[in-house]
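Fold and geometry: a report
Residue strings, one per chain:
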Amino acid sequence: MNGLRHLIKSNFSYWILLVLFGVIALVIGNICYQVISKLDTNFFLIHFNDLLTSISITFFNNIIATILAVIIAFLITNYLYNKKSFKSSFLIILISFPHISYCIGIIYLFATSGFFARLFALFYGNDIPFISERGDASSSLIYIISLALREVPFLVLIGLSVLKKINALQIQKQVLVLGHSNLSALLCCIFPIWLKSMTLPILIIVTFCFSNYEFSSILGPQFPHMINVKIIDSWYSTNFNLARQMNSLIIITILSSILALITLYTLMQILIGYLKNQKFLGFGNYNLFSLGKIFYFIVIALFMIILFVTSLLSISESWFFPTIMPSSFSLRGFDYMVSNYLWLFFSSIFISSIISILCLLFVVILIETSKDTKNIYKFLFVISLMILVIPQNIMLISIANLMEQLTLFSVSLWFYFSLFIYIVPYTYFMLKQSYDDLNPQYIHSSDILGITRFKSFFLIKLPMMFNDFLLIFGVSFSVCFYQFLQGIIVTKGERGLFNNEVFILFSGESIQTASAGSMMNFLPAALIFMIISLRYRYVRV
Amino acid sequence: MLECKNLNIYKEDIILIENKSFIIQKSEIYTLTGMSGAGKSTLLKYICGIEQKSFTYKGEILINQQSVNHLPTNQRGVRMIFQNDLLFPHMNVIENLLFAMPLKEKNNKEEALTLLSQLQLDHLSYKNINTLSGGEYSRICLVRMIINKPNVLLVDEPFNNLDKKTKNITKDFFYKNISEMNCATLIVSHNLEDIYSNDKIIKL
Amino acid sequence: MNILIKLFINVFFIYFIVHQNLYSKKINFHAWGGSVVINNFISQASQNLKKNNIDLHHTKITDIAETVKILLSDKKNNNLKNGKIDLIWVNGENFQRLKKNQLLFGPVDQIKNYTYINRRDASLHSDFGEPVEGLEVPWGRAQFVLIYDSQMIDKPPQTISQLKHFIINNPGRFTYPQIPNFHGTTFLKQLLYEMVEDKAILQQHFSSCLSPCKPIAKLMLFLQEIHPFLWNKGKRFPKSISETIPMLSNREIWLTINFNPNAAATNVKNGNLRDVTRTTSFMNGAIGNTHYLAIPFNSSKKSASLQVINYLISPQSQADKANIEIWGDPTVLDLNKMSAEQQNMFLGKQSIHVLPSNKFPYLLEPHHSWTEAIENEWLKTFN
């Protein structure tokens, strides 16, 4: 205990954070230096022209997907908030759905020989799929909708707690007694206030859109080529021109993601400014519930169908167009996965758990041992923002470069580090929320009683926040368990998580095995969240 | 004019209000008193049309001789200042006032600014809601109602969370302006000091 | 609590020491891990090698370029002895890059079972026009093939003009992988072979083709003509040939390219393709290449790695590999150098799905400098 007390007196937290900050700044500085020192302006300008379609598609698709996700999330949130009995734990299971499986599911739904095409063929009677003639517009549309709907559960979960926090019910009553309609309450007051509080989750969504590799890569042949795919392509390539192209692409990605952030922020401000001066008097008492209800069921149905199709794919043998159900089943895919990857599966669970627990401990210790928590929060916020804003593939390329230049630690250590830093933002944001939600009265009263900080942490905060801790562990576990770019870029195949193997299998010919892998992938997170939801009926984030 | 006929409110078989009837004429100010938990706020909310779960309601509410029981809150013409009234945090003071004005007209803003300066509150016009003090906050809540020009105004415990000095200033401000508003007003208070006029009291 | 911690630390260390000693001859084999049949083959080989006290560990990578990057950085950081990678599966431009940077250990062709390999066979000793010089050992062969659905196509195209005819008459039913994918580039090289009159030019460095290079210009013109009739109007391409397999099985496309004469057979057997799938190729010759095994310069277990290579090119292992029930990758061994009994192992089941051997002449890969030239031109024209 004396040692711990000593820690409080020293500036321990600051030092640790300064080191972390330094490492991340080094990583970012390294990539900036590399890119700028190797950049050939002339080459960049020529390529910029070539890449213009790719850039504009990436930029607009991601922005529109984010906007769509926010709007749908608000409608669903509004519906669920007013619904009497609702368990948000259900949403968490949707959030824990792996991105890779989701993308595969989307392909198998929308392909010309996919599930919907088969349903159609059932009525139309064609036994050969139609000619695939999807243009840029329709494939962009599918990309946007699928990306948007993927992000909706996350936004809804946070959006619900925001609505509770801003006391939306009270705002609605207030607007009604001023003689305004329900629609007015929703659009002029609740939506702007909600949107303002959602800045951070929206930021997370935008940066995810710009750095996600799985969507642009797996949706690959059906969809436009995004910059992220091109970065990884050029990273692999032995072609000198392509390798040079990577520098331009990195600059473009960073610039366009910053531009997207600025655009979205401006749009948000304009929208809030516009809405608060509007009055929707003539719309009666329409409250948008039915719209929210429709979207809610669309989202759930989509996830359910994808889960259903993936599970069918994982056990089907010879499932050819136009049959709706596979004619024969076998467990060969699972058999293969279990006999080859069981050890990796469990070690990935182990590694992810250890890293999420360490990360949780790390942030808690930093907060608990500091004299001035406000500054620690600010520091952590800046670090989290740095990690989130630089797209993941670029960050990892930089870490890999740094690793090669420094040759200080083993590859495994860098691998764990690169996993760890992607857990920090999620852990921090959620932990901060639950610290904020904790009534300070309890801590004050324990302070007045002269109880030490550590005692008050173990005897008051820990028991009260235990469910929150469990939830944070669950979320960071699932984030960590689904990482796969680290295994490709940082360790170059030498080490990786189970998800890496699933990702590699999707590049092969056996969809059955790959789907079996992605079903197994879904298991641990789903199990953890089921346990959490049993303990914790009404989950807050 | 607000008229309540044979109001009955139950909470899970417990009778809160039984057969209460009263009439408040235009430009009259009544005070509603009673023990805490007697159902004062519940009654006000019922008149507004905000029904709460686990309560059962009976009785008729008439505004200007017309029954409004079937109408939603915003169409009843009843306005209310809640115990913890909310000014919208994403708008500044003047925007909050503009939002409360029934119709969108060009000279709305001038009207609001004139009113604020008449009430000697013009220094607050462009202030952020979060920077207002408790007394200022309550006064702006009332100004918002004045500008809304209601027929019936219900006020729930307006001076509850204020210290004595601010309370007196706010109280004077409220009664002076409400009496000039020319509407049927019902103020809830559990504190006898706050009663506006001794002959206009409804007891629960 | 303390006892528990001590116990945990002890178990951890014991595990570490045991793990280190037990697998002293752990061979780290970097090979693409996307194919279930290949992974199964390697894991079976690993079982068989346990007898020799060798633990063959398959590191399943997405692309061998990752491994080249590790070796490059090892060399840069002066890690000359304790490299972690002991064996790699490589060919083409990655080999060329490794050779140029002197990242391979050699010569490795002095092993016992190399006697089964025909040293005079040029196709085995020139990797994309780059002389092998004993730095890698042939492991398997590939040849460009066309896989088609015989219920949809009666007479499959076997020349470039027939292919064009097919594409234009059946819009949307053919596609090839997106460049710079390796197989996509091979398809373009195959077309180039069909177009040039003097095929020898392709064996020389690309710079021997005067600028602007006529064959490449002609190739781009041809592609511009057929692209509007491809799958998705030539605006999208699959990422790899693996992605075309489910498309072919669902009859979204009717014809696709592949690089393994036995691919159709293995995929029919595994239920990935319909039974009516057949294989053909270009009459005037199809590009063939060889894939190799090589040992990185800094592997610490070179002798054990050589043992592994020796096993993998043994008649028994090669026969297993060529078996369409297992992998179906054609052998690199010369059957004439084997005993009758050994030859029998290769005369396994015949399949209607595979490419009839020796019917289509074997063309050498063009010099590797052509790959980059084609890629750059394609990316410039169609990206």
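Each value, and the rule that gives it
- Residues numbered from 1 in each chain as written.
- Chains lettered and ligands numbered in written order.
- Predicted model: local features only at pLDDT ≥ 70, side-chain atom pairs only at ≥ 80, totals over all residues.
- Heavy atoms only, no water.
- Helix = DSSP H or I, 4+ residues; strand = E, 2+ residues; numbered from the N terminus.
- Rg over C-alpha atoms; globule rule 2.2 N^0.38 Å.
- Buried < 20%, exposed > 50% of the residue type's maximum accessible area, 1.4 Å probe, protein only.
- Contact = heavy atoms within 4.5 Å.
- Areas by Shrake-Rupley, 256 points an atom, 1.4 Å probe, with all protein chains shown as cover.
- Lys, Arg positive; Asp, Glu negative; His and termini not counted.
- Charge placed at Lys NZ, Arg CZ, Asp CG, Glu CD.
- Disulfide = S-S within 2.5 Å.
- Buried area = accessible area lost by both parts, 1.4 Å probe.
- Salt bridge = Lys/Arg side-chain N within 4 Å of Asp/Glu carboxyl O.
- Domains from an automatic or database assignment.
- Nonpolar A, V, L, I, M, F, W, Y, C, P; charged D, E, K, R; others polar.
- Pairing = 2+ DSSP bridges.
- Axes fitted to C-alpha atoms, helices over the stretch in contact; angles between N-to-C directions.
- Patch = residues over 30% accessible without salt bridge, like charges linked within 9 Å, V, L, I, M, F, W, Y side chains within 5 Å.
- Polar contact = N/O pair within 3.5 Å; in protein donor to acceptor, adjacent residues only side chain to side chain.
- pLDDT = per-residue confidence, 0-100.

Moving on to the overall build of chain B. Helix and strand content of chain B: 5 helices and 9 strands. If you list the helices and strands of chain B from N to C, you get β-β-β-α-β-β-β-α-α-α-β-α-β-β. For a compact globule of 204 residues, the expected C-alpha radius of gyration is about 17 Å, and chain B comes in at 17 Å, within 12% of that figure. The C-alpha extent of chain B, read off along each of the three principal axes, is 50 × 40 × 30 Å. The 204 residues of chain B split such that 55% are buried. Of the contacts formed within chain B by residues at least 6 apart in sequence, a portion of 70% connects residues at least 24 apart. Taken as a whole, chain B presents about 9900 Å² of accessible surface, with 46% of it coming from carbon and sulfur. When the 24 basic and 22 acidic side-chain charges of chain B are each reduced to a single mean position, those positions are 1 Å apart.

Applying the stated rule across the entire model yields 1 disulfide over all chains. Put simply, C:Cys209 and C:Cys213 are joined by a disulfide, and their sulfur atoms are 1.9 Å apart. Every disulfide takes its handedness from the sign of the S-S torsion; for C:Cys209 and C:Cys213 that torsion is 100°, giving right-handed. Using a relative accessible area of 9% as the deciding quantity, one classes C:Cys209 as buried. Using a relative accessible area of 9% as the deciding quantity, one classes C:Cys213 as buried. Its sulfur unpaired, B:Cys4 is 11 Å from the next cysteine sulfur, which belongs to B:Cys48.

On to the interface of chain A and chain B, then. Bring the parts together and some accessible area is lost; that lost area is often taken as the interface size. Contact residues are listed per partner, giving 25 residues for chain A and 28 residues for chain B. Carbon and sulfur atoms supply 63% of the area that chain A and chain B bury against each other, a total of about 2300 Å² over both sides. Taken together, the connections running from chain A to chain B amount to 1 salt bridge. Where B:Glu95 meets A:Lys276, a salt bridge forms, and the shortest distance between an N and an O atom there is 3.2 Å.

Moving on, we come to the domain arrangement of chain A. Residue and element names in this part refer to chain A. Domains assigned within chain A are domain 1 (1-38 + 332-541) and domain 2 (53-227 + 257-303). Its C-alpha centre places domain 1 at a distance of 26 Å from the equivalent point of domain 2. Each partner contributes residues to the interface: domain 1 has 30 residues there, and domain 2 has 29 residues. Regarding the contact of domain 1 and domain 2, the summed buried area is about 2700 Å², with carbon and sulfur atoms giving 75% of it. The tally of links from domain 1 across to domain 2 stands at 0 salt bridges. Among the elements of the structure, helix H17 (373-389), helix H18 (392-406), helix H19 (411-437), helix H23 (498-506) and helix H24 (511-535) are those that each provide at least two residues to the side of domain 1 that touches domain 2. Among the elements that take part in the side of domain 1 that touches domain 2, H24 stands out by supplying 9 residues, more than any other. A per-class count over the side of domain 1 that touches domain 2 returns 22 nonpolar, 7 polar and 1 charged.

Turning our eyes to something else, we now look at the sheet that holds strand S7 (residues 145-149) of chain C. Residues and elements named next belong to chain C. Spatial ordering of the open sheet is given by S8-S7-S9, a layout of 3 strands whose pairing is antiparallel. The sheet is open, and its two borders are formed by strand S8 (255-258) and strand S9 (277-280), each paired with just one other strand. When strand polarity is set aside, the average angle formed by the axes of neighbouring strands in this sheet is 30°. Relative to S9, S7 is paired through 4 bridges, and the arrangement is antiparallel. Along S9, the bridge assignment pairs Tyr 148 with Arg 278.

Here 2 pairs of chains are in contact, and chains A and C lead that list by number of contacts. No part of chain B reaches chain C; the closest C-alpha pair between them is 46 Å apart.

Residues and elements named next belong to chain A. A cluster of nonpolar residues, Phe 350, Ile 354, Ile 357, Leu 358, Leu 361 and Ile 365, forms a patch on the protein surface that exposes about 540 Å² of accessible area. In this structure, Ile 357 sits in helix H16 (residues 332-368). We classify Ile 357 as partly exposed; its relative accessible area is 41%.

Each strand in a sheet pairs with another by means of backbone hydrogen bonds, the pair being arranged parallel or else antiparallel. Residue and element names in this part refer to chain B. Spatially, S6-S7-S8-S3-S9 is the arrangement adopted by the 5 strands of the open sheet, whose pairing is parallel. Among the strands making up the open sheet, the edge pair consists of strand S6 (78-81) and strand S9 (201-203). Looking at each pair of strands side by side, their axes are set apart by 20° on average, direction ignored. Relative to strand S8 (residues 184-188), strand S7 (residues 152-156) is paired through 5 bridges, and the arrangement is parallel. Its bridge partner lying in S8, Val 152 is registered against Ala 184. Packing against the sheet, helix H1 (residues 40-48) makes contact with strand S3 (29-33), S6, S7 and S8, and its axis sits at approximately 150° to S7.

With that out of the way, let us pick up the environment of C:Ala200. Residues and elements named next belong to chain C. Relative to the assigned elements, Ala 200 resides in the loop between helix H7 (182-195) and helix H8 (214-226). Ala 200 sits in the partly exposed class, given a relative accessible area of 40%. A sequence separation of 166 residues divides Ala 200 from Pro 366, and the C-alpha atoms of the two residues are 9.0 Å apart.

All names here are of chain B. With 8 bridges connecting them, strand S1 (residues 2-11) and strand S4 (residues 55-63) associate as antiparallel partners. Of the residues in S4, the one forming a bridge with Tyr 10 is Thr 56. Pairing analysis gives 7 bridges linking S1 to strand S2 (residues 14-24), with the strands arranged antiparallel. Note on S2: the bridge partner recorded for Leu 7 is Lys 20. Here S1 folds back onto S2 in antiparallel fashion, the turn holding 2 residues, of which Glu 12 has a positive phi close to 45°.

What follows concerns the pairing of strand S3 (residues 87-90) of chain C. Residue and element names in this part refer to chain C. Alternating residues of S3 divide into Leu 87 and Trp 89 and Ile 88 and Val 90, and every residue in both groups is buried. Two strands pair when backbone bridges link them, and S3 and strand S10 (residues 286-294) are joined in this way by 3 bridges, in the antiparallel orientation. Opposite Ile 88, over in S10, you have Ala 294 as the bridge partner.

Moving on: the interface of chain A and chain C. Contact residues are listed per partner, giving 59 residues for chain A and 62 residues for chain C. Counting across the chain A and chain C interface gives 0 salt bridges. Linking chain A to chain C there are 14 residue pairs in polar contact (both at pLDDT 80 or more). A per-element tally of the side of chain A that touches chain C places H16(A) first, with 5 residues.

Once that is clear, we can look at the confidence of the model for chain A. Residues and elements named next belong to chain A. When pLDDT is averaged across chain A, the result is 84; 94% of the residues are at 70 or more. Taken element by element, chain A is modelled with least confidence in helix H1 (residues 2-9), mean pLDDT 56, and with most confidence in H16, mean pLDDT 92. Under a pLDDT of 50 for its full length, residues 537-541 has, in the predicted model, 18 contacts with residues more than four places off or in other chains.

On to the packing of helix H3 (residues 41-50) of chain A against helix H4 (residues 52-82) of chain A, then. All names here are of chain A. Between H3 and H4, whose axes approach to 4 Å, the crossing angle comes to 65°. Listed contacts from H4 to Phe 48, Asn 49 and Asp 50 of H3 are Leu 52, Thr 53 and Ile 55. Partitioned by chemical class, the residues of the contact of H3 with H4 number 3 nonpolar, 2 polar and 1 charged.

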